[in-house]
Structure formats: structure tokens, C-alpha cells
Amino acid sequence: MFVHRTPPWALPENALTDEREYHSRRLHRRAFLVGAAGLCAAAGGCTRQNEVERLNRGTPGEHLPLSEPWADLDRPGYPAARNHAYALDRPLTPEPAALSHNNFYEFGTQTSAVWRNVAEFLPRPWQVTVTGAVERPMVLDLDDIERLGLEERTYRFRCVEAWAMAVPWTGVPLRKLVERCRPLGKARFVRFVSFHRPSQAPGQRSRKFPWPYYEGLKLKEAVHELALLATGIYGHALPRQNGAPVRLVVPWKYGFKNIKSIARIEFVETLPSTFWNDLVPREYTFDGLVNPQVPHPRWSQAKEKLLGSGAVRATQWLNGYADLLGDLHPRQPRVDGWHQAPLPFKT
Ligand SMILES: Nc1nc2c(c(=O)[nH]1)N[C@H]1C(S)=C(S)[C@@H](COP(=O)(O)O)O[C@H]1N2
Ligand SMILES: [Mo]
């Protein structure tokens, strides 16, 4: 298995991927992959392990942390056309950093090891059950979701632990799925539940956590244009560590709201409980709004550290999405003395 040795935080500033480089590299890489797959077939009887190693070696200078063959991520429809309504104020995070620094407790609590712990997880085939207060309950597979219309969007992303990234997601607006199943008038919230497979997810063998992971949104948030059901990242399908095959992306909320590997979507009448709010209610709210003025009880949220470059930036109210959200979240709650809390990293 290829071992990714550079810790993501140690990448120099000049390793940041700019737009042009991202586009030319992804074309280059695809050409390489076809060649590598051919070689493996020609050699006859490659083991899966060898194949994974060979396929993931990438073009010179591009080593991606993956525990699956590239072929698994190479689906028709990717890369999807970019929706240019969502511009960034910072460079894209280098792909190796976004694929190797992950929160996904189903695969352990060590962020740098998640990508190595996902090897037993089988995200394809997959089904998402949509149920509850809807006129048309349904079961969708990945193709059904992709058929709602894939697009690419570059979004900022902010973990409650004060690291941040900026990545190109591929996905469909969650609104399209909501409209398809026609919520009843009484539906006010949407509840999301992840998978429960202790045999494939080492972290789920720990009873410290109330598996499976579960999250929720208000219905009016779920139908907001910014809420994305992501099936891809960096122009290919989602690798397992980033929440394959389908995860939520709500970029104005902290990372923990962005539930990965969704198996069930329920329309409900009352406020659903959520995984981290149930575990530590003092630290993680249902709303999970990015707010530099409300510190986490143990650290300040005034600043954030970018994955890859380690650059430190001021945190923005609603992660910079306040204008796009309009009256969905009009007022910024303020806390006196917020700036005095310690930052969770050295600057
Ligand atoms: N099922 C599940 N989804 C999850 C988590 C998790 O532990 N399990 N962690 C969340 C947290 S805290 C963050 S910051 C993001 C990280 O997403 P990334 O690894 O793609 O950056 O996933 C979120 N979704
Ligand atoms: Mo997070």
C-alpha cells in the first residue's frame, strides 16, 4: 500500500493548487490511469493490493492518499461543469491534504489515519432510503442521485476544531431531492442517518459513541440553494475517507453538520437530535453556525488554519456565506470577551 508521508499541515505555501493547475493535472492524471489499468491487465493476474498500489501512484509529483483503485472513483459524469456562482477568496486546498486530514469517527479518532482505516468499507453499491412525512417515499441508488443533475462548486469548509479547507465538490443541490419526494405540510426538519457496519468500520466497534452518526437540518435550510448533496470531490467520485458515496455539504455550518455516507433521510415534524449535540451539548449546537464571536468552550473560533499551507485566516460569520443566505440567518449572536479565548493552534 502506498504510504503518504507528508503530514498535510507541513505542505509549504507554494504547494497550494491554483485553478489552472488543478484542471491540467486532472486531465493528465486521467490519461495516466487508463495506461496503468491497461498495464495491470496485460501483466495478467495482478492482486487487488498491487493494483491499488499501481493505480494510486499517480503522475510524477502527485501522490494521492487512497485505499481504493482509481477505477472505483472514475464514474461517468465527472468532472461535472463548474457552477461559477460560488467563487473562493483563497486558493483551493491541495488534494492530498483534503484526502488525508479527515474527521470520520467511524474510522477512528486520528484525523491523519482515517484514509488508511477505510479499506474494508464498501460504499458501492449503496442505497439511500428517503422516508417520513413525504408524499413520495423512495429508495435511491448513486445513479439516481447523480441523475438529479451533477454540478461542481468550490466551497470553503470550516471544522469546529478550527481547521479549514477550500475544495471543489461535485453533487446535486439537496433541494432537488427534497422537491422530488414532496414533503408534507407538517414536515419541518430533515434528519440524516449514516451507515452502521461495525465489521467494515473499526470505529463503530467502540461503544463510546451512539452509532450510527446522525444529523439534521431545518427544512428551510435543506431547500436553500447552498445545501449540496455531494457525490464527488476534485473532479472524481468521493473517496471513502471523504464520505463515499454521498454526503451533505452545508458550508455555512461547522464540519460536524456535514454528515458523510448517508444511508437514510427522514422528514420529521420535530427537532431531531444530533450525534455531537447528544454527546456534548455544551460544545456542539443543533444549528452549528460558523461564528468567530462565539468561542468553543475550550478554544477561540476567531481564526482558522488552512489545511495544506497552514496559513491562518480570520474566521468569517457564516463562513463567508451570509450574503448568499439572506434572511435564513439574519442576526449574528455576539459574546463579550470572545477574543480572549486561546486559539487551538500556534500562530
Ligand atoms: N458519518 C460521519 N460524518 C461526518 C463525521 C463523522 O465522524 N462521521 N465528521 C464530521 C466532521 S467533524 C467534519 S469536520 C467533516 C470532515 O469532512 P472531510 O473529512 O471530508 O473534510 O465530516 C463530518 N461528517
Ligand atoms: Mo469537524
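Everything that follows concerns the structure shown earlier in this document.
Summary of the structure given here.

A few points about the overall build of the chain
So, point 1. When its secondary structure is counted, the chain shows 10 helices and 12 strands.
So, point 2. For the chain, the proportion of its 347 residues judged to be buried stands at 54%.
So, point 3. Pairs at least 24 apart in sequence give 74% of the contacts found in the chain among residues at least 6 apart.
So, point 4. Accessible surface, the chain: about 15000 Å² in total, of which carbon and sulfur atoms supply 52%.

Some details on the site of ligand 1
So, point 1. As a matter of local geometry, ligand 1 sits amid 18 residues, with N102, Y105, E106, N258 and K260 nearest to it.
So, point 2. One of the backbone N or O atoms of Y105 is found 2.8 Å from an oxygen atom in ligand 1.
So, point 3. A distance of 2.8 Å is found between a nitrogen atom of ligand 1 and a side-chain nitrogen or oxygen belonging to E106.
So, point 4. If ligand 1 stood free it would expose 530 Å²; the protein chains cover 98% of that surface.
So, point 5. Of the residues in the shell around ligand 1, the class split is 9 nonpolar, 6 polar and 3 charged.

A closer look at the nonpolar core
So, point 1. Counting residues in hydrophobic clusters, the biggest one holds 81 residues, and the most contacted among them are V130, W169, L174, F192, W252, I265 and F267.
So, point 2. In terms of residue count, strand β4 (residues 163-173) provides more of this core than any other element does, 5 residues in total.
So, point 3. Among residues more than four places away in sequence, those in contact with W252 are E221, L226, A227, G288, L289, V290, L318, N319, Y321, L325, L328 and H329.

With respect to the environment of Y78
So, point 1. Here Y78 shows up in the loop between α3 (70-73) and α4 (95-100).
So, point 2. Once the C-alpha coordinates of Y78 and G232 are considered, the two residues, 154 residues apart in sequence, prove to be 7.9 Å apart.
So, point 3. Only 2.8 Å separates the side chain of Y78 from the side chain of T231, close enough to count as a polar contact.

Observations concerning the pattern of salt bridges
So, point 1. Going through the model one piece at a time under the given rule, you end up with 22 salt bridges.
So, point 2. A salt bridge links D89 to R90, with the shortest nitrogen-to-oxygen separation between them at 2.9 Å.
So, point 3. On the basis of relative accessible area, D89 is assigned to the partly exposed category, the value being 37%.
So, point 4. K186 is paired through a salt bridge with E269; the nearest N and O atoms lie 3.8 Å apart. Residue K186 is located in the loop between α7 (174-181) and β5 (189-194), and its partner E269 is located in the loop between β10 (262-268) and α9 (275-279); the two are separated by 83 residues in the primary sequence.
So, point 5. Taking relative accessible area as the criterion, K186 reaches 46% and is therefore assigned partly exposed.
So, point 6. Counted as one network, the salt bridges with shared partners bring together D89, R90, R156, R158 and E304.

Topic: the side chain of T315
So, point 1. Mapped onto the secondary structure, T315 falls in the loop between β12 (312-314) and α10 (322-325).
So, point 2. A polar side-chain atom of T315 sits 3.3 Å from the main-chain carbonyl oxygen of K303.
So, point 3. Every residue in contact with T315, bar those within four places of it in the chain, is listed here: R158, V290, P292, Q301, A302, K303 and E304.

Quick look at the packing of aromatic side chains
So, point 1. Inspection of every chain in the model, using the stated rule, returns 24 aromatic pairs.
So, point 2. Centre to centre, the rings of F104 and F107 are 4.8 Å apart; their planes meet at 80°, and the pair counts as edge-to-face.
So, point 3. With a relative accessible area of 3%, F104 lands in the buried category.
So, point 4. The interplanar angle of 80° and the centroid separation of 5.4 Å between the aromatic rings of F275 and W276 together place this pair among those described as edge-to-face. Note on accessibility: F275 and W276 belong to one class, buried.
So, point 5. An aromatic cluster of three or more residues is present, and its members are Y105, F209, W211, Y213, Y214, Y254, F256, F275, W276 and Y284.
So, point 6. Above the ring of Y321, the side-chain terminus of R156 is found at 4.5 Å from the ring centroid.

Here's the deal with the sheet that holds strand β1 (residues 127-132)
So, point 1. Pairing is mixed across the open sheet formed by 5 strands, whose spatial order is β2-β1-β10-β5-β6. Two strands close off the open sheet at either side, each with one partner strand: β2 (138-141) and β6 (214-218). Taking each pair of neighbouring strands and ignoring which way they run, the sheet shows an average axis angle of 20°.
So, point 2. Where β1 meets β10, 4 bridges bridge the pair, whose relative direction is parallel. In the sheet register, T129 faces β10, and the bridge partner there is R264.

Parameters at a glance
Residues numbered from 1 in each chain as written. Chains lettered and ligands numbered in written order. Predicted model: local features only at pLDDT ≥ 70, side-chain atom pairs only at ≥ 80, totals over all residues. Heavy atoms only, no water. Helix = DSSP H or I, 4+ residues; strand = E, 2+ residues; numbered from the N terminus. Buried < 20%, exposed > 50% of the residue type's maximum accessible area, 1.4 Å probe, protein only. Contact = heavy atoms within 4.5 Å. Areas by Shrake-Rupley, 256 points an atom, 1.4 Å probe, with all protein chains shown as cover. Near = heavy atom within 4 Å. Polar contact = N/O pair within 3.5 Å; in protein donor to acceptor, adjacent residues only side chain to side chain. Nonpolar A, V, L, I, M, F, W, Y, C, P; charged D, E, K, R; others polar. Core = buried A, V, L, I, M, F, W, Y, C linked by side-chain atoms within 4.5 Å. Salt bridge = Lys/Arg side-chain N within 4 Å of Asp/Glu carboxyl O. Phe/Tyr/Trp six-rings, centres within 6.5 Å; stacked < 30°, edge-to-face > 60°. Lys NZ or Arg CZ within 6 Å of the ring centre and 35° of its normal. Pairing = 2+ DSSP bridges. Axes fitted to C-alpha atoms, helices over the stretch in contact; angles between N-to-C directions.

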